[in-house]
Amino acid sequence: MGSGVKRSLYVLLLDTVISITASLMSILLVRFLMNPILGFQTFLLIWLGCSGAASLASFLITGSHKVVVKHSNIRSLGRVATASVLKLVMMIPVLYLIHIESRYSLRLLGVVDFLMTVTALVVSRVLIVVIADDMNRDTGRDVKRLRVMIYGASDKNVSLVTRFEDSPNYMVMGFLSIDGIDGEVLQSKRVYKFTTPEDIRRLHTELGIEGVLLHKSVQDNNLPQWVFDAFIENGIHILTVPAVSEIDYGGHAQHAIKAFSKKDDFIPDGMSSTERIFKRMCDCFIAAILLIIFSPLFLVCWIAVKIEDGGPAIFKQERLGRFGRTFYIYKFRSMKLDAEQMGPALYSGEEDKRLTKVGRFIRAHHLDELPQLWNVFIGDMSFVGYRPERQFYIDQIVEKDPRYFYLYQIRPGVTSYATLRNGYTDTIEKMLRRLELDLYYLRNRSMWFDIKILLQTFLSIVFGKKF
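Only a predicted model underlies this, so the values are computations on that prediction, with no experimental measurement involved.

## So, the overall build of the chain
Thinking step 1. The secondary structure content of the chain amounts to 18 helices and ten strands.
Thinking step 2. The buried share of the chain, reckoned over its 467 residues, is 50%.
Thinking step 3. Accessible surface, the chain as shown: approximately 22800 Å² in total, 62% of it carbon and sulfur.

The following block contains the structure:
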């Protein structure tokens, strides 16, 4: 099944779920505003069943799930609106076949359902566009184009630009050169000169570089070690220049998606580009809903932490996430204000003397993690990934196993496969064990794998497992 077909099926499924949810919210709102509806449970089931059937039919008829572009346009939003109108038309007979005392309530339900459906679908389209732009992908194509730089500005390297011009797999952003002329334009591509690892970090941040293309001769003889280290540390894939057939016709060759590590081959992300987009979309949608649902619990936790010692209720700490970029992770503060006055220290369990009374309770029930829903919503984290770490401990891990940098391909998570299997990590040895599990997740992750991890996390919390 092609990636375009998969993407359309994912969008169709998501649109149908959103439409049914809009119908559910509509009928609950009408019931709240109007008189109680006799036989409400039966009516609710009939209404939602018909909503699902009408939604699916309208999406298939209009083909709205197939028109998802990188930048919203009238055609895309127009089909969404048309599908919503068609759904309403299909639902009208249901409104008049079901006996309810107030016909006014039925007309109001139809109007509210339509407004909620079209609003929810338009918002979902906007999220898709934002997520697609965030992931630096050309969603007008069925394949992911890697944003790559060519290492070196020799005549041989400049000639590669023509080969890559119409490639569906690679997008050449320019040339990286140690001894070139910064700003020089060759074959309409700019030369970016770098002399330090900080230059590479800056260019990676500004241009969103995903890979660097090198000739085999460069890899074997002329790539300075500090350049290699800087690429890996910033999550930039070091790629072999592919054959012409791989550029023009095939997918990314297996031998091309490798970093030349002294310890192991590069470990690629196990998810397809379609799955990654769908995962990010689900993260945004679910996090938004949970932020609303748990808002009373947020208030209770905030008050409890604040009252105990008068200090700030929210604790933020700098961590490293996707592409090795820093971000602030948010939690409800569970420790005393001077918990790390002697320097960074790992949590050692329920007997940790730095815990406050409230902190011990919210830690035991994982309530301290609730503010991370905001991290998920804004894109710093995902619900499932690897647990983000501080630079202080990453430096110690990398000294023993540099493969930690491969995790920078994906967003860190609120929960992880390693957390379920390895629990809290209070020693470097446990961190290295956690890394092995995180790399296993990276290599094998999928939507189904994520769902299993979420279910196992939920059951662990319900049954009081400590992790």
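Having seen the model, we can carry on.
## Some words on the packing of helix 15 (residues 391–400) against helix 17 (residues 428–444)
Thinking step 1. Put simply, helix 15 and helix 17 touch, their axes get as near as 10 Å, and they point 70 degrees apart. Our classification of the angle between helix 15 and helix 17 gives roughly perpendicular. Facing Tyr 393, Gln 396, Ile 397 and Lys 400 of helix 15, the residues of helix 17 in contact are Ile 428, Met 431, Leu 432, Arg 434 and Leu 435.
Thinking step 2. In terms of residue class, the contact of helix 15 with helix 17 is built from six nonpolar, one polar and two charged.

## Digging into the pairing of strand 2 (residues 170–177)
Thinking step 1. Most of strand 2 sits inside the fold, with six of its eight residues counted as buried.
Thinking step 2. Inspection of the sheet shows strand 1 (residues 146–151) paired to strand 2 by six bridges, in the parallel sense. Across the sheet, Val 148 pairs through a bridge with Val 172, a residue of strand 2.
Thinking step 3. By the bridge criterion, three bridges tie strand 2 to strand 4 (residues 189–193) in an arrangement that is parallel. Counted as the bridge partner of Leu 176 is Tyr 192 from strand 4.

## Some points on the packing of aromatic side chains
Thinking step 1. If you walk through the whole model with that rule in mind, you get twelve aromatic pairs.
Thinking step 2. With a centroid separation of 5.3 Å and 65 degrees between ring planes, the pair formed by Tyr 417 and Phe 449 is classed as edge-to-face. Pair noted here: Tyr 417 is in helix 16 (residues 417–422) and Phe 449 is in helix 18 (residues 447–462), with a separation of 32 residues, a long-range link.
Thinking step 3. Members of the aromatic cluster, connected to one another through ring pairs, are Tyr 386, Tyr 404, Phe 405 and Tyr 408.
Thinking step 4. The ring of Tyr 328 is capped by Lys 316, whose NZ or CZ atom sits 4.5 Å from the centre of that ring.

## A look at the environment of Tyr 393
Thinking step 1. When you line up the elements, Tyr 393 lands in helix 15.
Thinking step 2. Sequence spacing of Tyr 393 and Ile 428 is 35 residues, and the spatial spacing of their C-alpha atoms is 8.1 Å.

## Some words on the side chain of Asp 283
Thinking step 1. If you trace the backbone, Asp 283 turns up in helix 11 (residues 273–293).
Thinking step 2. It is Arg 280 that comes nearest to the buried, bridge-free Asp 283 among opposite-charge side chains, at 4.7 Å.
Thinking step 3. Within the local environment of Asp 283, its side chain forms a polar contact with the side chain of Ser 382, the two groups lying 2.6 Å apart.
Thinking step 4. Apart from the residues lying within four places of it in its own chain, the contact partners of Asp 283 are Val 376, Ser 382 and Phe 383.

## Overview of the confidence of the model for the chain
Thinking step 1. Per-residue pLDDT for the chain has a mean of 77; in total, 76% of the residues score no lower than 70.
Thinking step 2. Averaged over each element, pLDDT in the chain is lowest for helix 10 (residues 244–248) (43) and highest for strand 9 (residues 382–385) (94).
Thinking step 3. Confidence drops under a pLDDT of 50 for residues 133–144, and excluding neighbours within four residues, the segment shows 39 contacts in the predicted structure.
Thinking step 4. The model gives residues 243–264 a pLDDT under 50, and that stretch makes 53 contacts with residues more than four places away or in other chains.

## A few points about unusual backbone geometry
Thinking step 1. In this structure, Phe 323 is a non-glycine residue whose phi angle is positive, near 65 degrees.
Thinking step 2. Here Phe 323 is to be found in the loop between strand 7 (314–320) and strand 8 (326–332).
Thinking step 3. Of note, His 366 is a non-glycine position whose phi angle comes to about 60 degrees, a positive value.
Thinking step 4. Take His 366: it is sitting in the loop between helix 13 (357–364) and helix 14 (372–378).
Thinking step 5. On the accessibility criterion, His 366 (14% relative accessible area) is buried.

Criteria and thresholds
Residues numbered from 1 in each chain as written. Predicted model: local features only at pLDDT ≥ 70, side-chain atom pairs only at ≥ 80, totals over all residues. Heavy atoms only, no water. Helix = DSSP H or I, 4+ residues; strand = E, 2+ residues; numbered from the N terminus. Buried < 20%, exposed > 50% of the residue type's maximum accessible area, 1.4 Å probe, protein only. Areas by Shrake-Rupley, 256 points an atom, 1.4 Å probe, with all protein chains shown as cover. Axes fitted to C-alpha atoms, helices over the stretch in contact; angles between N-to-C directions. Parallel < 35°, antiparallel > 145°, perpendicular 65-115°, else oblique. Contact = heavy atoms within 4.5 Å. Nonpolar A, V, L, I, M, F, W, Y, C, P; charged D, E, K, R; others polar. Pairing = 2+ DSSP bridges. Phe/Tyr/Trp six-rings, centres within 6.5 Å; stacked < 30°, edge-to-face > 60°. Lys NZ or Arg CZ within 6 Å of the ring centre and 35° of its normal. Lys, Arg positive; Asp, Glu negative; His and termini not counted. Salt bridge = Lys/Arg side-chain N within 4 Å of Asp/Glu carboxyl O. Polar contact = N/O pair within 3.5 Å; in protein donor to acceptor, adjacent residues only side chain to side chain. pLDDT = per-residue confidence, 0-100.

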